[in-house]
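Understanding the architecture of this molecule
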Amino acid sequence: MPTKIKSTVGWIGAGRMGYEMAGRLARGGADVLVWNRTKEKAEPLKKHGAKVADEVAELASRDIVFCMVSTWKDVKEVVGNLLKGKSKPKLLVECSSISLEGSAELREMLEKKGIQYLAAPVSGNAKVIKAGRLSFVCSGPRKSFEQALPFLKMIAPGASYVGEGELARIVKICHNVFLGVVTQSLAEITILAQKAGVPRHAFLEFMNQSVMGSTFTRYKAPAFVNLDFKVTFTPHLLRKDMDLGLDAGRRFEVPMPLASATRDLIQSMIGQGWTEQDFATLLLQQAEAAGIKLKPENVEVGDGLS
Ligand SMILES: NC(=O)c1ccc[n+]([C@@H]2O[C@H](COP(=O)([O-])OP(=O)(O)OC[C@H]3O[C@@H](n4cnc5c(N)ncnc54)[C@H](OP(=O)(O)O)[C@@H]3O)[C@@H](O)[C@H]2O)c1
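For the structure given in this document, a descriptive report is provided here. Note that the structure is a prediction, hence the values are computed from the model and not measured. (Residues numbered from 1 in each chain as written. Predicted model: local features only at pLDDT ≥ 70, side-chain atom pairs only at ≥ 80, totals over all residues. Heavy atoms only, no water.)

**Examining the overall build of the protein chain**
Note the cut-off: Put simply, DSSP marks the helices as runs of H or I at least four residues long and the strands as runs of E at least two long, and each gets a number from the N terminus on. Classification of residues uses two cut-offs on accessible area relative to the type maximum, computed with a 1.4 Å probe and protein chains only: under 20% is buried, over 50% is exposed, and between them is partly exposed. Surface accessibility follows the Shrake-Rupley procedure with a 1.4 Å probe radius. Residue values consider only the protein chains on display as shielding. Charge assignment in this entry is limited to Lys and Arg as positive and Asp and Glu as negative, and neither His nor the chain termini are counted. Charged side chains are reduced to one point each, which is NZ for Lys, CZ for Arg, CG for Asp and CD for Glu.
For the protein chain, the count of helices and strands is 12 helices and nine strands. Counting only C-alpha atoms and orienting by the principal axes, one finds that the protein chain spans roughly 65 × 45 × 35 Å. A buried classification covers 52% of the 306 residues belonging to the protein chain. With an accessible surface of roughly 14,400 Å², the protein chain has 55% of that area assigned to carbon and sulfur atoms. On the protein chain, the mean spot of the 41 positive side-chain charges and the mean spot of the 32 negative ones are 4 Å from each other.

**What about the pattern of salt bridges?**
Quick reminder of the rule: Salt bridges are identified by distance alone: a Lys or Arg side-chain nitrogen within 4 Å of an Asp or Glu carboxyl oxygen.
Per the stated rule, a full pass over the model turns up 21 salt bridges. Between Lys90 and Asp63 there is a salt bridge, and its shortest N-O distance comes to 2.8 Å. Taken together, the residues Lys90 in the loop between α3 (72-82) and β5 (91-94) and Asp63 in the loop between β3 (51-52) and β4 (64-67) connect sequence positions 27 residues apart. For Lys90, a relative accessible area of 48% puts it in the partly exposed group. Three or more residues are tied together by salt bridges with common partners; here these are Lys39, Glu43, Lys46 and Asp54.

**What to know about the site of the ligand**
Here is the rule we go by: Here, proximity means that at least one heavy atom of the residue falls within 4 Å of the molecule or strand. In the analysis that follows, any N or O atom pair within 3.5 Å is treated as a polar contact, provided that within protein one partner can donate a hydrogen and the other can accept it, and provided that, for residues neighboring in sequence, both atoms belong to side chains.
Contacts to the ligand come from 26 residues, most closely from Asn36, Thr38, Lys41, Ser70 and Thr232. Within the side chain of Arg37, a nitrogen or oxygen atom sits 2.9 Å from an oxygen atom of the ligand. In this structure, Ser97 approaches the ligand through a main-chain N or O atom, which is 3.0 Å from an oxygen atom. When the free accessible area of the ligand is taken as 910 Å², the share hidden by the protein chains comes to 91%.

See below:
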């Protein structure tokens, strides 16, 4: 039976992530009003029980508003428009991957208006959300976390509270720096094994069963083997996160040599015009650099999610 939760929810952003997250809330029985800049993308959420707004300001009278857009600049713009009228929500839960500085500015802006704020970025792509394996990392007042928790649990089984202020932002930035570096490293070793004569599916099958295999290496295996680069996460969004990591490294005086090299490899990929496919095209760039041309292996490979 769906859980009925009394608070009303507003949801900003029905992109790849926001759409699936809002869908889980609606299917869980929450009263959700969704706004997306491109309204048509939000419309199919109606079949899951969500309502769709024409203007973002309509969401201001909801108890809790979630936000899942792209960059800090976008968050600032939509939250500004959300709050341009007289109504205001009790709590804003911001899930986009943004900087510590942006998050602190948002907190200040919301505190001035008497709105509680929870920073709640996530780990996992849209398919991970569908598989019920997304996780949130949250920071801000503990009471805000507790207020949001029933809704967070409808979206994801994992919701970790890491402390006050913007701490969740640095955790998410560290996570995505690791995502970039691991993907580049996986591309390098996959191409090395292939050029030495090992088919990618055989190599990755072994890796994924080894102690080095992970949920992530498993769910990237079909893309690496069969060269299916339908977007889960764009190269531009990954570059944003590597830049956030390098900025944080400068701020806290921490050298990040691997992150730095990986950021430039993502930049090379974008510079060559590989922007519309998944960031896993790092594999194709690596193959080119190694002087080999890849073909799909057309082997059925599990992703560990479905
Ligand atoms: N994809 C992943 O695997 C993943 C995983 C974890 C975290 N994230 C983070 O989650 C966030 C969303 O990622 P995504 O992959 O869902 O991106 P996406 O598919 O590109 O969706 C972006 C969403 O933001 C909206 N948006 C962007 N700029 C806006 C603006 N100025 N005003 C109003 N709406 C705006 C877009 O509206 P339109 O539909 O009108 O363009 C769309 O709803 C990013 O911060 C990303 O780094 C992504």
